[in-house]
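# Fold and contact review
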Amino acid sequence: MITTTLSKQDFLIVRDQDVIPFRNQVKEAAVKVGMGILNQTKLITAASELVRNLLKYGGGGTAEIEVVNNGRENGIRLVFKDNGPGIQDIDLAMKDGFSTGKSLGLGLPGTKRLVNEFNIQSAVGEGTIVTIIKWKNG
Ligand SMILES: Nc1ncnc2c1ncn2[C@@H]1O[C@H](COP(=O)(O)OP(=O)(O)O)[C@@H](O)[C@H]1O
Ligand SMILES: [Mg+2]
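The paragraphs below set out a description of the structure included in this document. (Residues numbered from 1 in each chain as written. Chains lettered and ligands numbered in written order. Predicted model: local features only at pLDDT ≥ 70, side-chain atom pairs only at ≥ 80, totals over all residues. Heavy atoms only, no water.)

Our next topic: the site of ligand 1. Near ligand 1 there are 18 residues, and of these Tyr57, Ser99, Thr100, Ser103 and Gly105 occur at the shortest range. Taking serine 103, its side chain carries an N or O atom lying 2.7 Å from an oxygen atom of ligand 1. Contacts to ligand 1 include glycine 105, whose backbone N or O atom sits 2.8 Å from an oxygen atom. With the chains in place, 92% of the 530 Å² that ligand 1 exposes on its own is no longer accessible. Partitioning the shell around ligand 1 into residue classes produces eight nonpolar, nine polar and one charged. (Near = heavy atom within 4 Å. Polar contact = N/O pair within 3.5 Å; in protein donor to acceptor, adjacent residues only side chain to side chain. Areas by Shrake-Rupley, 256 points an atom, 1.4 Å probe, with all protein chains shown as cover. Nonpolar A, V, L, I, M, F, W, Y, C, P; charged D, E, K, R; others polar.)

Here is the structure:
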């Protein structure tokens, strides 16, 4: 199915103070598409994990909020891009409990479970792009 973009907002995420305004806009976008409270919470939890990774490991970057449609329903797509060190072994990074930052190592695998579509691209020395979609009724 083709996914079309209905609207798009860009955020520069370079410090801790950038996180809350971004998260508030994710919530606003989710409410706007009529997403229920449970899916809103899943999306915001996923967004929080990914924006934290963007800052902590990626050294900051950009986050995009899109309202998208798949011909059947609307949803929210979030794209996180950084030009940080990249991820050497994506399979390992996706495992529960793997962390190079002495934290829980549940951010990436947990996020994947909370959303409907999850894509991660990373190149060592170039950076990382994580894209997720939560459909309204997904
Ligand atoms: N944007 C990123 N750039 C570089 N490495 C990353 C990025 N996001 C995640 N990683 C790597 O993937 C690991 C797992 O991430 P995650 O599951 O969120 O766990 P945690 O944040 O607890 O370490 C991190 O410890 C880090 O090594
Ligand atoms: Mg994390």
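What follows covers the environment of leucine 38. Along the chain, the position of leucine 38 falls in helix H2 (residues 37–56). Leucine 38 gets classed as exposed once you look at its relative accessible area, which sits at 58%. When the C-alpha positions of leucine 38 and asparagine 137 are compared, they lie 9.9 Å apart, and in sequence the two are 99 residues distant. (Helix = DSSP H or I, 4+ residues; strand = E, 2+ residues; numbered from the N terminus. Buried < 20%, exposed > 50% of the residue type's maximum accessible area, 1.4 Å probe, protein only.)

Moving on, we get to the pairing of strand E3 (residues 74–82). Most of E3 is tucked away: seven of the nine residues are buried. Hairpin connection, strand E2 (residues 61–69) to E3: the antiparallel pair is bridged by four residues, and glycine 71 has positive phi, about 90 degrees. (Pairing = 2+ DSSP bridges.)

It is worth spelling out the nonpolar core at this point. Among the nonpolar cores identified, the biggest contains 31 residues, and Phe22, Ile76, Leu78, Phe80 and Ile132 are the most heavily contacted of them. Elements with a minimum of two residues in this core: strand E1 (4–13), helix H1 (19–32), H2, E2, E3, strand E4 (117–123) and strand E5 (127–135). Broken down by element, the residue count for this core peaks at eight residues, all from H2. In contact with isoleucine 76, not counting residues within four places along its chain, are Ala29, Ala30, Val33, Met35, Leu43, Ile65, Glu66, Val67, Val68, Ile132, Ile133 and Lys134. (Core = buried A, V, L, I, M, F, W, Y, C linked by side-chain atoms within 4.5 Å. Contact = heavy atoms within 4.5 Å.)

Let us look at the pattern of salt bridges. Within this structure, the stated rule accounts for four salt bridges. The shortest N-O distance in the salt bridge between aspartate 16 and arginine 52 comes to 3.3 Å. With aspartate 16 in the loop between E1 and H1 and arginine 52 in helix H2, this pair connects stretches of sequence that are 36 residues apart. With relative accessibility at 51%, the residue aspartate 16 sits in the exposed group. Close ionic contact of glutamate 73 with arginine 72 constitutes a salt bridge, the shortest N to O distance being 3.5 Å. What makes glutamate 73 buried here is its relative accessible area of 10%. The exposure class assigned to arginine 72 is exposed, which follows from its relative accessible area of 62%. (Salt bridge = Lys/Arg side-chain N within 4 Å of Asp/Glu carboxyl O.)

Let us look at unusual backbone geometry. Positive phi outside glycine occurs at lysine 102, with the angle close to 55 degrees. Positionally, lysine 102 belongs in the loop between helix H3 (90–93) and helix H4 (107–114).

End to end, H2 covers 28 Å across 20 residues, agreeing with the expected 28 Å (1.5 Å per residue, within 8%). If you check which residues of H2 are buried, you get Asn39, Gln40, Leu43, Ile44, Ala46, Ala47, Ser48, Leu50, Val51, Leu54 and Leu55. Lining the buried residues of H2 we find E1, H1, E2, E3, H4 and E5. (Expected span 1.5 Å × (residues − 1).)

Let us look at the sheet that holds E4. With respect to topology, five strands assemble into an open sheet ordered E1-E2-E3-E5-E4, the strand pairing being antiparallel. Here the strands that pair on one side only, and so sit at the sheet edges, are E1 and E4. Neighbour-to-neighbour, the strand axes of this sheet turn through a mean angle of 15 degrees, independent of strand direction. Relative to E3, H2 is tilted by about 10 degrees, and along the sheet it contacts E1, E2, E3 and E5. H4 contacts E4 and E5 of the sheet and is inclined by roughly 150 degrees relative to E4. (Axes fitted to C-alpha atoms, helices over the stretch in contact; angles between N-to-C directions.)

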